Amino acid sequence: MSDTLPPLSSSDVPPEAISEMTALKDYLDNAIPRKRDTFRNLLIATWNLKDFGSLTESWKADSTVTPRRDWRALWAITEIISRFDVVALQEVTGNLKALRTLLKTLGEDWQFLMTDINARQGGDERLAFLFDVRRVRLSGLACELVIPPDESPGRKIEASTLQKQFVRTPYAIGFQAGAETFVLVTLHVIFGKGKVGRSEELKAIARWMADWAKKVNDWEQNLIVLGDFNIDNPASPLWKAFTETGLIIPAILKQALRSIFAGQSNFDKYYDQIAWFE
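Notes on the structure follow. Sequence order as written defines residue numbering, which begins from 1 separately in each chain. Residues qualify for local features only when their pLDDT is at least 70, as the model is predicted, and side-chain atom pairs are given and counted only at 80 or more; totals for whole chains, interfaces and linings, by contrast, use all residues. No hydrogens and no water enter the side-chain calculation; it runs on all heavy atoms of the structure.

Among the structural elements, threonine 56 can be located in the loop between strand 1 (44–52) and helix 2 (71–82). A residue is classified by how much of its surface remains accessible, and threonine 56, at 12% relative accessible area, is buried. N or O atoms within 3.5 Å of each other form a polar contact, as long as, within protein, one can give a hydrogen and the other can take it, and as long as residues adjacent in sequence are counted only when both atoms are side-chain atoms. Reaching out from threonine 56, the side chain makes a polar contact with the backbone oxygen of proline 67 at a distance of 2.6 Å. Contacts: residue pairs with any heavy atoms within 4.5 Å of one another. Those residues in contact with threonine 56 that lie beyond four places of it in its chain are Ala61, Val65, Thr66, Pro67, Arg69, Asp70 and Trp71. Helix numbers and strand numbers start at the N terminus; a helix is a DSSP run of H or I with at least 4 residues, a strand a run of E with at least 2. Buried, partly exposed and exposed residues are distinguished by accessible area as a fraction of the type maximum, computed with a 1.4 Å probe on protein chains only: under 20%, between the cut-offs, and over 50%, respectively.

And the structure:
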């Protein structure tokens, strides 16, 4: 079997799949700005693709098949990602079949960087960046953010705030588009057994980012934090923990739907975020 998705022009494509893709493309044409020439815009996205690992090689995986993610689903994912310049992905698993198929379908204009799988406590996940090399290129920075062992109480990270490393280590990549350089930091905050644990990790991440942003700014680079922060809503203590060091979430993004799960009419799930320091 090829590592790319079957073409939508294939004779065995179900009519409903073609209809869905046509409707999706029409929707995306209106919902997402087009990529402009000469770097007049830059399109960045973050997406938690739940358990993004294996792939069922059929057009319709029913409830008896594992995984449920099939060609039809991956075609939709590929179409959405293709509309952006850089996409941060969370929950990429150790199995790279779906990711490999996605990238080969996008074509040679797309590249990726990713972490190794993290600890079992973090779900054996990877963090990844996919990017369109016609629009952006790597600036040279690639690192996972860890707390140095000499960060004692009273310094950047208080001992009472975080007693150990981040469960899923934030991943930072430097990019360049035209003359502009920017650093993207993606992460997936551990959900844990309650909001207290999440609040501690969010505070530690926000404080660490604030200190790092000052250093990045000295080099006239832009720092953007994005990923799944597992924040309930703007009234939640988790939102305060994340923003108390100066991270700004654009007002327009506060109105964006973030989940396919029930209750979104009330905007009660603000898990995925894009933020920066001003």
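Take the environment of isoleucine 81 next. Within the secondary structure layout, isoleucine 81 lies in helix 2. For isoleucine 81, a relative accessible area of 1% gives the class buried. As for isoleucine 81 and alanine 45, which are separated by 36 residues in sequence, their C-alpha atoms are 8.3 Å apart. Once residues within four sequence positions are removed from consideration, isoleucine 81 is found in contact with Trp47, Val87, Leu89, Leu102, Leu106, Trp110 and Leu130.

In this section: the pattern of salt bridges. Salt bridges are identified by distance alone: a Lys or Arg side-chain nitrogen within 4 Å of an Asp or Glu carboxyl oxygen. Taken as a whole and judged by the stated rule, the model has 15 salt bridges. The salt bridge partner of lysine 35 is aspartate 85, with a shortest N-O separation of 3.8 Å. A residue pair is termed long-range when its members are at least 10 positions apart, and lysine 35 in the loop between helix 1 (15–31) and strand 1 and aspartate 85 in the loop between helix 2 and strand 2 (86–92) qualify at 50 residues. Assessed through its relative accessible area of 0%, aspartate 85 is described here as buried.

It is worth spelling out the nonpolar core at this point. What is meant by a nonpolar core is a set of buried Ala, Val, Leu, Ile, Met, Phe, Trp, Tyr and Cys residues, joined one to another through side-chain atoms within 4.5 Å. Judged by nonpolar contacts, the single largest core of 30 residues is most densely connected at Phe52, Ile81, Leu89, Leu99, Leu102 and Leu130. Elements with a contribution of two residues or more to this core: helix 1, strand 1, helix 2, strand 2, helix 3 (97–106) and strand 4 (126–132). Val189, Trp212, Trp239 and Ala241 belong to the second-largest nonpolar core, a separate cluster that totals 25 residues.

It is worth spelling out the packing of aromatic side chains at this point. When the centres of two rings from Phe, Tyr and Trp lie within 6.5 Å, Trp using its six-membered ring, the rings pair. Their planes under 30 degrees apart give stacked, over 60 give edge-to-face, and anything left gives tilted. Overall, the coordinates contain 6 aromatic pairs when judged by the stated rule. Relative to phenylalanine 175, the ring of phenylalanine 131 has its centre 5.3 Å away and its plane inclined at 70°; by these criteria the two rings are edge-to-face. Taken together, the residues phenylalanine 131 in strand 4 and phenylalanine 175 in strand 6 (residues 171–177) connect sequence positions 44 residues apart. With centroids separated by 5.7 Å and ring planes inclined at 25°, the aromatic side chains of phenylalanine 175 and phenylalanine 182 adopt a geometry described as stacked. With respect to burial, phenylalanine 175 and phenylalanine 182 carry one shared label: buried. These aromatic residues form a ring-pair network of at least three members: Phe129, Phe131, Tyr171, Phe175 and Phe182.

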